[in-house]
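One-letter residues, chain by chain:
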Amino acid sequence: MQVIIYKFVDGTTNAVEVTEDIYLIHLQLTKEEISNNRRETRRHTSLYYFTDMGIDFEDKRTESPLELYIRKENIASVRKAMSHLTDKRRELIRKAYFEEKSFRAIAKEKGLSKSAISQRMKTIYKHLRKNLGA
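The rules behind these values
Residues numbered from 1 in each chain as written. Predicted model: local features only at pLDDT ≥ 70, side-chain atom pairs only at ≥ 80, totals over all residues. Heavy atoms only, no water. Helix = DSSP H or I, 4+ residues; strand = E, 2+ residues; numbered from the N terminus. Buried < 20%, exposed > 50% of the residue type's maximum accessible area, 1.4 Å probe, protein only. Contact = heavy atoms within 4.5 Å. Polar contact = N/O pair within 3.5 Å; in protein donor to acceptor, adjacent residues only side chain to side chain. Pairing = 2+ DSSP bridges. Salt bridge = Lys/Arg side-chain N within 4 Å of Asp/Glu carboxyl O.

## A closer look at the environment of Thr12
Then, number 1: Its location among the elements puts Thr12 in the loop between strand S1 (2-7) and strand S2 (13-18).
Then, number 2: A relative accessible area of 40% means that Thr12 is categorised as partly exposed.
Then, number 3: Dropping the residues within four chain positions of it, Thr12 is found in contact with Tyr6 and Lys7.
Then, number 4: In terms of polar contacts, Thr12 uses its side chain to reach the side chain of Asp10, at 2.7 Å.

This is the structure we're talking about:
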């Protein structure tokens, strides 16, 4: 016989005698519970917890005015190139990149094969490169 001691929130305890088999099951469940709590805590730890511990996550990258200008120009160029695409092609780009759908998911949605979507994307890339002057 083994003894399992339960500790309650109010500070009281209670001891229960159990067989060896029940004790081993209880021990295994307790270890799993601790492991699950650790995993959940690690996955849901707030950034505030780290900053309270003195760990800084400040973005120390600096963008020079030239880099900022180039990035804005690139965005404007891509938008302009996208405006030359048909609505169907823009929709395909939106689904693939902004909704992050796989070619397979898009194909299933449209009733086409994955290779058909892949081929359409190659055509779109070709048009974009042409309109971007690349």
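That covers the picture; the talk isn't over yet.
## Some thoughts on the pairing of S1
Then, number 1: Pairing geometry for S1 and S2, over 6 bridges, is antiparallel. What sits directly across from Tyr6, in S2, is Asn14.
Then, number 2: In this structure, the hairpin formed by S1 and S2 is closed by a connection of 5 residues, where Gly11 is found at a positive phi of approximately 100 degrees.

## Details of the pattern of salt bridges
Pairing between side chains becomes possible if they bear opposite charge and their charged atoms approach one another.
Then, number 1: For the coordinates displayed, the defined rule picks out 7 salt bridges.
Then, number 2: For the salt bridge of Glu91 with Lys95, the shortest nitrogen-to-oxygen distance reads 3.8 Å. Taken together, the residues Glu91 and Lys95, both in helix H4 (residues 87-98) and 4 residues apart, mark about one turn of the helix.
Then, number 3: Judged by relative accessible area, Glu91 falls into the partly exposed class, the value being 26%.
Then, number 4: Exposure remark for Lys95: the relative accessible area of 7% places this residue in the buried category.
Then, number 5: In this structure, the salt-bridge partner of Glu91 is Lys110, at a minimum N-O distance of 3.7 Å. Remark: Lys110 occurs in helix H5 (residues 103-110) and Glu91 occurs in helix H4; sequence separation between them is 19 residues.
Then, number 6: What makes Lys110 partly exposed here is its relative accessible area of 35%.

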